[in-house]
Amino acid sequence: MTRGELGAAGITDPALRRSYQRCRELNARHGKTFFLATRLLAPDQRPAVHALYGFARRADDILDEFDPDLTTADRAARLDALAAQFADGDTGGDPVLAAVLHTAAAYGIDGALFDAFLASMRMDLSVTDYPDRAALDRYVYGSAEVIGLQMLPILGTAAPAAETAPYAAALGKAFQLTNFLRDVDEDLARDRVYLPADELAAHGVDRDLLTWCRAHRRTEPRVREAFAAQHEITRKTYVFARDGIERLAPRSRPCVSTALVLYSEILQRIEDRDFEVFGHRATVGNPRRLRVGVEGLVRAWWVRRGSDAANTSVRSKVRR
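Residues numbered from 1 in each chain as written. Predicted model: local features only at pLDDT ≥ 70, side-chain atom pairs only at ≥ 80, totals over all residues. Heavy atoms only, no water.

Caption draft 1: Molecular detail of the packing of helix α12 (residues 207-216) against helix α13 (residues 221-242). Axis separation between α12 and α13 bottoms out at 10 Å; the angle between their running directions is 110 degrees. The orientation of α12 relative to α13 falls into the category roughly perpendicular. Note on element contacts: α13 touches α12 through Arg222, Val223 and Phe227, opposite Leu209, Leu210 and Cys213. (Axes fitted to C-alpha atoms, helices over the stretch in contact; angles between N-to-C directions. Helix = DSSP H or I, 4+ residues; strand = E, 2+ residues; numbered from the N terminus. Parallel < 35°, antiparallel > 145°, perpendicular 65-115°, else oblique. Contact = heavy atoms within 4.5 Å.)

Caption draft 2: Focus on helix α14 (residues 253-272). In this model, α14 (20 residues) spans 28 Å end to end at C-alpha, consistent with the 28 Å of a helix rising 1.5 Å per residue. One or two residues past the end of α14 sits Asp274, with phi positive at roughly 60 degrees. (Expected span 1.5 Å × (residues − 1).)

Caption draft 3: Inspection of the pattern of salt bridges at higher detail. Tallied over the full model, the rule gives 28 salt bridges. With a shortest N-O distance of 2.9 Å, Arg207 and Asp191 are connected by a salt bridge. Here Arg207, found in helix α12, pairs with Asp191, found in the loop between α10 (184-189) and α11 (197-201); they are 16 residues apart in sequence, far enough to count as distant. Between Glu232 and Arg235 there is a salt bridge, with its nearest N and O atoms 2.7 Å apart. One end of the pair, Glu232, and the other, Arg235, are both in helix α13, three residues apart, so they sit about a helical turn from each other. What makes Glu232 partly exposed here is its relative accessible area of 31%. (Salt bridge = Lys/Arg side-chain N within 4 Å of Asp/Glu carboxyl O. Buried < 20%, exposed > 50% of the residue type's maximum accessible area, 1.4 Å probe, protein only.)

Caption draft 4: Representation of the side chain of Arg224 in the model. Within the secondary structure, Arg224 sits in helix α13. A polar side-chain atom of Arg224 sits 2.9 Å from the main-chain carbonyl oxygen of Asp274. With residues near it in sequence (within four places) discarded, Arg224 still touches Thr219, Asp274, Phe275 and Glu276. (Polar contact = N/O pair within 3.5 Å; in protein donor to acceptor, adjacent residues only side chain to side chain.)

Caption draft 5: Local environment of a nonpolar patch on the surface. On the surface, a nonpolar cluster with roughly 280 Å² of combined accessible area is contributed by Leu290, Val294 and Val298. Among the secondary structure elements, Val294 is positioned in helix α15 (residues 286-319). On the basis of relative accessibility, which here comes to 44%, the residue Val294 falls in the partly exposed class. (Patch = residues over 30% accessible without salt bridge, like charges linked within 9 Å, V, L, I, M, F, W, Y side chains within 5 Å. Areas by Shrake-Rupley, 256 points an atom, 1.4 Å probe, with all protein chains shown as cover.)

Caption draft 6: Main features of the confidence of the model for the chain. In this model, the chain carries an average pLDDT of 90, and 94% of its residues clear a pLDDT of 70 or more. In the model, residues 308-320 has pLDDT below 50 throughout and makes zero contacts with residues more than four positions away in sequence or in other chains. (pLDDT = per-residue confidence, 0-100.)

Caption draft 7: Representation of helix α6 (residues 95-107) in the model. Compared with an ideal rise of 1.5 Å per residue, which puts 13 residues at 18 Å, α6 spans 18 Å between its outermost C-alpha atoms and is within 8% of the ideal. For α6, the elements touching its buried residues are α2 (14-30), α4 (46-64), α5 (72-88), α7 (111-123) and α8 (133-155). Where α6 begins, one side-chain oxygen reaches toward the backbone nitrogen of Val96, 2.9 Å away; that side chain belongs to Asp94. At the C-terminal side of α6, Gly108 shows a positive phi close to 60 degrees.

Caption draft 8: Fine view of the packing of helix α9 (residues 161-182) against α13. α13 packs onto α9 with a crossing angle of 155 degrees between their chain directions and a minimal axis gap of 8 Å. In terms of orientation, α9 and α13 fall into the roughly antiparallel class. The handedness of the crossing between α9 and α13 is left-handed. Where α9 approaches α13, its residues Pro166, Tyr167, Ala170, Leu171, Lys173, Ala174, Phe175, Leu177, Thr178 and Leu181 are matched on the opposing element by Phe227, Gln230, His231, Thr234, Thr237, Tyr238, Phe240 and Ala241. Looking at the contact of α9 with α13, its residues break down into twelve nonpolar, five polar and one charged. (Left-handed = near helix turned anticlockwise from the far one by under 90°. Nonpolar A, V, L, I, M, F, W, Y, C, P; charged D, E, K, R; others polar.)

See the structure below:
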């Protein structure tokens, strides 16, 4: 199946094929929901999406890989080296870099989007709190919105790309905001809080109270109110992003729709658990994931079948 995807994408060089295969393995191992949605894309689209995931994963591993001997300066140096290699087009034998550089060139993905992504990753080396929404939005643009924008040339659009871009960015943002709520406990363990301090303070919440909740494995009422407010902001972001699906190329809509449904259901699970995120990680169960995935697969097959039939008809008329 992987060989078929690479062949469909026109990737024939053996070394490059191994590079894309490595990215696919990373996506399958760590992406889960993202990987499931990627399976609904047309075969020729999948390798490029795996490459983008692989690059994001590589940067994330530099930041959060557990190694007590690695200092912040060491991680910064590794991140800078990754950025320099990408800018110079130097793979340095790194299969992930080889795949993402090929993808960026093949689809004409703006290099500034990768620069913004790496800038946000650098913030994680020193920034542990965000005083307000504007500060958090600056981080989220590079950490999440640009991922949606990088994907757009691969997904294709039925409307002008410039008109579709805000929706693609919003979907990446919605996914990230969902992660922030789901992973408050885990992020505190890394000494990070990805929620606007002033919005938390409006409900009488600060880092000390969040730390208390983590220690006691329960959500204090003021924290619950603050999380509910963040939940509502995230929900509205999904509502806006959903309107962009019909602006995508038809063959990409089942994939994006499935990803949106599954991630928004993670958000719903957080609310269903009454925002008890300390010691409990909100997830969508495998039976539900499978059901949504199969429904998306049927839609994707139907769209591609219709497209193939239309193309066959056109070719037949041309031969006449």
